[in-house]
Amino acid sequence: MPDALSFFAIAWLDPWLVMLTAAGTFAGIYVGAIPGLSVTMATSILISFTFKWEVNEALALISGVFIGGVYGGSRTAILLNIPGAPSAIASALDGYPMAQQGKAGEAIGLTTLMSVFGGFIGILALALFAPVISGFALMFNSRDYLLLGLIGITLVGTLSGESFAKGAFAGALGVLISMVGLDPMTAEGRFTFGSVTLMGGIPYIAAMIGFFGVAEALVQLRQLDLPAVRQKIGRILPEWSSIKRYFWLALRSSGIGTVIGALPGTGGDIAALLAYDHAKRSTRNPEHPFGRGATEGLVAPESANNAAVGGAHIPMLTLGIPGDAVTAVIIGALFIHGLKPGPLLLIETPHLFWFIVGSLTLANCFLLLFGLTGVRIFTRIVECPKAVMIPLIIVLSAVGTYAIQNNVTHVYWMLLFGLIGYFMKIYGFQVGPVILGVILGPMMDSNYRRAMLGARGDISTFLWNFVSHPITFVLSLALMGILLSQLPWVQQWRRRRTDRQRPAT
């Protein structure tokens, strides 16, 4: 243990490493806040600059960018209803309504505190329970990941708007969009209609920016005469009573984020979605309805997606399996530096494990510092005249989309999705489920194929596996429970129960 503490302290005691961690966290916050500039992209670019550096220097900078980038996506989600990253989609559901009520400063302050709290829980789990959690993650197989994807698609129907059918339709539309391109197993074109351009598929960043950025800008064109909402920037840090009130929800959400983050190939977007659903189901009497500015709707996803950062490092360091896209890039960086993440990492290079834990902890401390600064400047975005803001959003959306692969075709896709998203918003369809469908679609597709191969194409064996394995059976029950909870008579029973429990005024 003394050796572990000394390795941990290296990240804190070397001024150069501290500066790199701080710079990475600061840059990550603002990169994450720009739609189109993902944390994965920033980490990939960093590797090309740091492959000649010492491994500790490279990891310190990357850890800061990772921690800051996951949090940064919530800034534009709250202020403009444009998530800077997929993990911030759930935060936009209640964060943006809070900004429309003049509570943008309060929302950002709460988001910062809960992100830091969730981050520490994930890092603590990484330090104490890495072998145990990674062993549990190994128990998940293809059909379990398929069920996780199906649960995510059904959840978006329950979380978005008042119509489950509309939400499920939007999620299915996202899955359909994700199917465009070459089949991952047969290399045959799907929904390409003979077009070479469509062979590469549709990048989810173009879809996300179109459905959120451009669609929101077009909707705002209908409200040019409405005055900008003045933001009340008083106390940014939540009061102690509020912290105590949301502590257990944040703790449970952080646990969800850590476990989901430790499942290879999932990440903060699914963690935030499941935590949001947990908050919606466990909160009896929120001050505001969910989707209309519920504080719990910010606490849960922001705690979960930052906790997923620590969780994602668990399979990466102990098994050599990436927990999400960013840790997949980090694995590449470790190989470049001659290291081999996997079961022997803790035995052969324990100093590396504890240095990463120390760097993530330090970056989380800097997140608290940088996250609470510049809030007043950020909230002025909401108060800009719409005649200035709307063209700026569309231009930045086009630039962010083009920057993905320097491909103007992606800009055309963005504009098309913006028009589709505009009409969806007008007719009461939520666009968040579409993006989650685009993200979850490939995971569902590949894991369905693997599950069928494991059953040797026999549908009876395939179905029997869903009830004969404990984890698969529990996930199947969860999926059935979500679907049954949306039946009309169940909804009416829950409303009557809520009304009986609500105190008389």
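Our subject is the structure that appears above.
Notes on the structure follow. Because the structure is a prediction, the values reported are computed rather than measured.

Examining the overall build of the protein
So, point 1. The secondary structure content of the protein amounts to 22 helices and two strands.
So, point 2. The proportion of buried residues among the 505 residues of the protein is 55%.
So, point 3. Considering only contacts in the protein between residues 6 or more positions apart, those separated by 24 or more positions represent 79%.
So, point 4. For the protein, the computed accessible surface area is about 22,000 Å², with 68% contributed by carbon and sulfur atoms.

A few points about the nonpolar core
If you look at soluble globular proteins, the nonpolar side chains tend to sit buried side by side.
So, point 1. By size, the foremost hydrophobic cluster in this structure holds 125 residues, and its most contacted members are Leu126, Phe211 and Ile330.
So, point 2. In contact with isoleucine 330, not counting residues within four places along its chain, are Thr43, Leu59, Ile62, Phe66, His313 and Met316.

Topic: helix α15 (residues 350-371)
So, point 1. In a regular helix each residue adds 1.5 Å, so 22 residues correspond to 32 Å; α15 covers 31 Å between its end C-alpha atoms and thus fits that length.
So, point 2. Across the 22 residues that make up α15, a large majority, 17, are buried.

Quick notes on the packing of aromatic side chains
So, point 1. Applying the stated criterion across every chain yields a total of twelve aromatic pairs.
So, point 2. Relative to tryptophan 248, the ring of phenylalanine 247 lies with its centre 5.0 Å away and its plane at 80 degrees, an arrangement referred to as edge-to-face.
So, point 3. The partly exposed category is assigned to phenylalanine 247, whose relative accessible area is 31%.
So, point 4. Seen in terms of ring centroids, phenylalanine 353 and tryptophan 354 are 5.1 Å apart; in terms of plane orientation they differ by 90 degrees. Their pairing is edge-to-face.
So, point 5. The structure contains a cluster of three or more aromatic residues connected by ring pairs, namely Phe26, Phe366 and Phe370.
So, point 6. A cation over a ring is seen here: lysine 166 above phenylalanine 429, with NZ or CZ 5.2 Å from the ring centre.

Criteria and cut-off values
Residues numbered from 1 in each chain as written. Predicted model: local features only at pLDDT ≥ 70, side-chain atom pairs only at ≥ 80, totals over all residues. Heavy atoms only, no water. Helix = DSSP H or I, 4+ residues; strand = E, 2+ residues; numbered from the N terminus. Buried < 20%, exposed > 50% of the residue type's maximum accessible area, 1.4 Å probe, protein only. Contact = heavy atoms within 4.5 Å. Areas by Shrake-Rupley, 256 points an atom, 1.4 Å probe, with all protein chains shown as cover. Core = buried A, V, L, I, M, F, W, Y, C linked by side-chain atoms within 4.5 Å. Expected span 1.5 Å × (residues − 1). Phe/Tyr/Trp six-rings, centres within 6.5 Å; stacked < 30°, edge-to-face > 60°. Lys NZ or Arg CZ within 6 Å of the ring centre and 35° of its normal.

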